[in-house]
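Next come the chains, spelled out residue by residue.
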Amino acid sequence: MTTRRLFLWGLTLMPAAAWAQAGKFADPQPSIDNPRKIVLSISEDDPKRIAAVLSNITNIQKYYDATQVKLAVIAYGPGLAAVLKGSPVAGRIASLQDLEVDFIGCGATLDTMKKTPADLLPNVTVVANGLPEIVERSLRGWIHLHP
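Described below are features of the structure shown in this document. (Residues numbered from 1 in each chain as written. Predicted model: local features only at pLDDT ≥ 70, side-chain atom pairs only at ≥ 80, totals over all residues. Heavy atoms only, no water.)

### Describing the layout of surface pockets
Okay, so step 1: Counted as a void, the largest pocket has a volume near 270 Å³.
Okay, so step 2: At three residues, strand 2 (residues 69–75) tops the list of elements feeding residues into the lining of the largest pocket.
Okay, so step 3: A class-by-class count of the residues in the lining of the largest pocket yields eight nonpolar, three polar and two charged. (1 Å grid on protein atoms, 1.4 Å probe; cavity = no way out; pocket = protein on both sides within 12 Å on 5 of 7 lines; lining within 4 Å. Points joined across faces, edges and corners; volume = space filled by probe spheres on them. Helix = DSSP H or I, 4+ residues; strand = E, 2+ residues; numbered from the N terminus. Nonpolar A, V, L, I, M, F, W, Y, C, P; charged D, E, K, R; others polar.)

Laid out in structure tokens, this is it:
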């Protein structure tokens, strides 16, 4: 029997749960000490796009164990509306914050909108500029998703 056939035959004998996990994560495997770091961005004031980003966060959290992933959302430009007080998704954002998802607002956009950090939802942090924050996080190993 060839090596390839032997390997494939061995896979058919694996329990279904083990087979589903085989190759699930790329090396290095995510762990408490080395979680996947994912930053998502919201740049549009479109309820469907904002809802899609929040749904993607939930899907990512279902895929990874809580100790295997660190998530951050950076809102900039028109997307800053998602993290302003009165946002229609304020409840969803609060729930995600309870699950340790960081929400970050763009300070440059706040200035342009004549708003202050006090105009943001609770526990939303502010960075000087959203796009450079994404660049710097990417250089520190964060994966940027813009769903």
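### Thoughts on the packing of helix 3 (residues 47–63) against helix 4 (residues 90–98)
Okay, so step 1: Between helix 3 and helix 4, the shortest axis-to-axis distance is 11 Å and the interhelical angle comes to 25°. When the interaxial angle is binned, helix 3 and helix 4 end up roughly parallel. Between helix 3 and helix 4 lies a crossing of left-handed hand. Here helix 3 contributes Ala51, Leu54, Ser55, Ile57, Thr58 and Gln61 to the contact with helix 4, which in turn contributes Arg92, Ile93 and Leu96.
Okay, so step 2: Taken together, the residues that form the contact of helix 3 with helix 4 break down as five nonpolar, three polar and one charged. (Axes fitted to C-alpha atoms, helices over the stretch in contact; angles between N-to-C directions. Parallel < 35°, antiparallel > 145°, perpendicular 65-115°, else oblique. Left-handed = near helix turned anticlockwise from the far one by under 90°. Contact = heavy atoms within 4.5 Å.)

### Quick word on the packing of aromatic side chains
Okay, so step 1: The tally for this structure, following the rule as stated, stands at three aromatic pairs.
Okay, so step 2: Between Phe25 and Tyr63, the ring centres sit 5.9 Å apart and the planes meet at 85°, which makes this aromatic pair edge-to-face. Remark: Tyr63 occurs in helix 3 and Phe25 occurs in the loop between helix 2 (16–21) and strand 1 (36–42); sequence separation between them is 38 residues.
Okay, so step 3: For Phe25, a relative accessible area of 15% gives the class buried.
Okay, so step 4: On the basis of an interplanar angle of 15° and a centroid distance of 5.5 Å, the ring pair of Phe25 and Tyr64 is categorised as stacked. (Phe/Tyr/Trp six-rings, centres within 6.5 Å; stacked < 30°, edge-to-face > 60°. Buried < 20%, exposed > 50% of the residue type's maximum accessible area, 1.4 Å probe, protein only.)

### Quick word on unusual backbone geometry
Okay, so step 1: Between Asp27 and the following residue, Pro28, the backbone shows a cis peptide bond with an omega angle of -5°.
Okay, so step 2: Along the chain, Pro28 falls in the loop between helix 2 and strand 1.
Okay, so step 3: The backbone phi angle of Asn123 is positive, close to 65°, even though this residue is not glycine.
Okay, so step 4: Positionally, Asn123 belongs in the loop between helix 5 (107–112) and strand 4 (125–127).
Okay, so step 5: On the basis of relative accessibility, which here comes to 66%, the residue Asn123 falls in the exposed class.

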